[in-house]
There are 2 protein chains.
Amino acid sequence: MNRSDAERLLAAAEALYYARGINGVGIDEVRSAAGVSLKRLYQLYPSKEHLVAAYLDARDQRWRGRLADHVAHSGGSPRDQLLAVFDWLGLWFAEPDFRGCAFINAFGEVGGSAPLVLAAVRRHKELFRDYLIGLARGLDGPDPVGVAEQLLLLAEGAMTAAAVLPEPRAAQQARRAAAALLAAAA
Amino acid sequence: MNRSDAERLLAAAEALYYARGINGVGIDEVRSAAGVSLKRLYQLYPSKEHLVAAYLDARDQRWRGRLADHVAHSGGSPRDQLLAVFDWLGLWFAEPDFRGCAFINAFGEVGGSAPLVLAAVRRHKELFRDYLIGLARGLDGPDPVGVAEQLLLLAEGAMTAAAVLPEPRAAQQARRAAAALLAAAA
DNA sequence: TAGCGTAGAGAACGTACGTTCTCGGCGGGG
DNA sequence: CCCCGCCGAGAACGTACGTTCTCTACGCTA
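Just so it is clear, the model here is predicted, and its values are computed rather than measured.

1. Thoughts on the protein's contact with DNA strand D
Part 1: What surrounds DNA strand D is the set A:Ser37, A:Lys39, A:Arg40, B:Val25, B:Gly26, B:Ile27, B:Leu38, B:Tyr42, B:Ser47 and B:Lys48.
Part 2: Here the atoms of DNA strand D within 4 Å of the protein split so that 64% fall in sugar or phosphate, with bases taking the remainder.
Part 3: Here a phosphate oxygen of DNA strand D sits 3.0 Å away from a polar atom, N or O, in the side chain of A:Ser37.
Part 4: Taking B:Tyr42, its side chain carries an N or O atom lying 2.9 Å from a phosphate oxygen of DNA strand D.
Part 5: Taken together, the elements giving at least two residues each to the surface near DNA strand D come down to α3 (38-44) of chain A together with α3 (38-44) of chain B.

Right, dumping it as structure tokens:
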């Protein structure tokens, strides 16, 4: 069955923007990759900023879905699930087309001058944070929000380290740090 | 006394590029802010990418210098010095013109297609890492490199969190996590 | 003082891109 | 069968910008 114009646009936008950056890909390239007319594109997204924000929202859903799937299927205690987050990060970092966190990249690229994009980045980071808080609540420790926020910092740091530095040691190092923090919080 | 053309260019480049992004500022604006002719600029830096890489190197030196100053003047044990790193991050995040880590931003903006910029970003992160390793060696723990790398992840995570999210809680949270990691590593 | 190299100011060029406009064809309703 | 509105294709427009070229004026040397 045929996906809708919007779906094809978002799929093309995700592939192109993530691989080559937002400023590195023109509207017309997304349009032609999706097989959608320019007129239709501007009907759906009245400016590039709208398209980019929609791409980020779509990627947010896919990304958190993949993470949650991995964590859920890894079973185990809340502690094991929180550690499984870092295992999944390691798998993600090792993918051949990994290019860092799309949201951090987007923030660096246009965050200062694109309110819709900034809002999408914030949404994503807050949803990721909320997800970690939800897992941490299962720990029955005294401060699940604090633990989750500390693990969030580790995860974000691992993403940027993995993006910038060639060696993919970041996820393992983050996992070890997470285990130590979880032990300390018990 | 008059600073050299190169110094004025780098100062102007740092102010403009950090505030508004690399793609958001044209060569001519840097040139005119520095009061240097276009010809002279191209003598010193044969392309924008060279100028940007030089700006990043200059910022790297200033940034690490400020950090090292704060840490050195805060005295204390190696452990206290490592924690002072996060205190300084908190001060930095609170500055009114704070806009995240210039290097992470630059990576997101042009990292994929500007080898000189990518190299400058890597250099900076490695020098920061080496600085933390130097401090961690004073701990006499079993694995100073591992500890330093875990603290590096926390610091990077705090930088991105502070940049993206409005509330500046990141530095304190990172400091608490760092204290827990240091306690666990002893 | 005459000539020359150099440097600055800024025009010019090529390109890329976001956005809008125009044209031509196709389909559906009378 | 004819007309009308819509849609896709792509030309066009305005702008921004990296880079190069041109012209002019100044200062140094013989």
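Next comes the rest of the account.
2. Quick look at the UniProt feature "domain: HTH tetR-type" (unreviewed entry) in chain A
Part 1: The UniProt entry lists residues 3-63 of chain A under the feature "domain: HTH tetR-type" (unreviewed entry), expressed in the numbering used here.
Part 2: With 77% helix and 0% strand, the stretch residues 3-63 of chain A has end C-alpha atoms that lie 20 Å from each other.

3. Observations regarding the protein's contact with DNA strand C
Part 1: Neighbouring residues of DNA strand C: A:Val25, A:Gly26, A:Ile27, A:Leu38, A:Tyr42, A:Ser47, A:Lys48, B:Ser37, B:Lys39, B:Arg40 and B:Gln43.
Part 2: The protein-proximal atoms of DNA strand C, defined as those within 4 Å of the protein, are 61% sugar or phosphate.
Part 3: One nitrogen or oxygen atom from the main chain of A:Ile27 is found 2.6 Å from a phosphate oxygen belonging to DNA strand C.
Part 4: Contacts to DNA strand C include B:Ser37, whose side-chain N or O atom sits 3.0 Å from a phosphate oxygen.

4. Considering the packing of helix α8 (residues 144-164) of chain A against helix α9 (residues 170-185) of chain B
Part 1: Orientation of α8(A) relative to α9(B), taken along the N-to-C sense of each, is 95 degrees, at an axis distance of 9 Å. Viewed along their axes, α8(A) and α9(B) adopt a mutual orientation that is roughly perpendicular. Residues A:Gly146, A:Glu149, A:Gln150 and A:Leu153 of α8(A) touch α9(B), and the partners they reach there are B:Ala170, B:Gln173, B:Ala174, B:Arg176 and B:Ala177.
Part 2: In the contact of α8(A) with α9(B), the residues fall into four nonpolar, three polar and two charged.

5. Observations regarding the pattern of salt bridges
Part 1: Tallying each qualifying case throughout the model produces 32 salt bridges over all chains.
Part 2: Of the charged contacts in the structure, one is a salt bridge between A:Arg176 and B:Asp143, with a shortest N-O distance of 3.4 Å. Placement of the pair is A:Arg176 in helix α9 (residues 170-185) and B:Asp143 in the loop between α7 (115-137) and α8 (144-164), with the two residues belonging to separate chains.
Part 3: On the basis of relative accessible area, B:Asp143 is assigned to the partly exposed category, the value being 32%.
Part 4: The partner of B:Asp60 in a salt bridge is B:Arg64, with the nearest N and O atoms 2.8 Å apart. Taken together, the residues span about one helical turn, with B:Asp60 and B:Arg64 both in helix α4 (residues 48-73) at a distance of four residues.
Part 5: Relative accessible area serves as the criterion here: at 4%, B:Asp60 is assigned to the buried category.
Part 6: Sharing partners across several salt bridges, the network here consists of A:Arg129, A:Glu149, B:Glu167 and B:Arg169.

6. Observations concerning the interface of chain A and chain B
Part 1: Chain A puts 36 residues into the contact, and the matching count from chain B is 36 residues.
Part 2: Summed over both sides, the interface of chain A with chain B buries roughly 3,100 Å², with 65% coming from carbon and sulfur.
Part 3: Looking only at chain A, the three residues that lose the most surface to chain B are A:Phe107, A:Leu153 and A:Val164, adding up to 20% of its buried area.
Part 4: There are four salt bridges connecting chain A and chain B.
Part 5: Among the ionic pairs, B:Arg169 bridges to A:Glu149, the shortest N-O distance being 2.3 Å.
Part 6: The tally of links from chain A across to chain B stands at 10 residue pairs in polar contact (both at pLDDT 80 or more).
Part 7: Taken together, the elements giving at least two residues each to the side of chain A that touches chain B come down to α6 (102-110), α7 (115-137), α8 and α9 of chain A.
Part 8: When residues of the side of chain A that touches chain B are assigned to their parent elements, the largest contribution, 12 residues, is made by α8(A).

7. Some remarks on the packing of α6(A) against helix α6 (residues 102-110) of chain B
Part 1: Interhelical geometry of α6(A) versus α6(B) gives an angle of 90 degrees and a closest axis separation of 7 Å. By the angle between their directions, the pair α6(A) and α6(B) is classed as roughly perpendicular. Contacts between α6(A) and α6(B) pair A:Ile104, A:Asn105, A:Phe107, A:Gly108 and A:Glu109 from the former with B:Ile104, B:Asn105, B:Phe107, B:Gly108 and B:Glu109 from the latter.
Part 2: Looking at side-chain class alone, the contact of α6(A) with α6(B) contains four nonpolar, four polar and two charged residues.

The rules behind the values
Residues numbered from 1 in each chain as written. Chains lettered and ligands numbered in written order. Predicted model: local features only at pLDDT ≥ 70, side-chain atom pairs only at ≥ 80, totals over all residues. Heavy atoms only, no water. Near = heavy atom within 4 Å. Polar contact = N/O pair within 3.5 Å; in protein donor to acceptor, adjacent residues only side chain to side chain. Helix = DSSP H or I, 4+ residues; strand = E, 2+ residues; numbered from the N terminus. UniProt positions renumbered as here; feature names shortened; annotations may be inferred. Axes fitted to C-alpha atoms, helices over the stretch in contact; angles between N-to-C directions. Parallel < 35°, antiparallel > 145°, perpendicular 65-115°, else oblique. Contact = heavy atoms within 4.5 Å. Nonpolar A, V, L, I, M, F, W, Y, C, P; charged D, E, K, R; others polar. Salt bridge = Lys/Arg side-chain N within 4 Å of Asp/Glu carboxyl O. Buried < 20%, exposed > 50% of the residue type's maximum accessible area, 1.4 Å probe, protein only. Buried area = accessible area lost by both parts, 1.4 Å probe.

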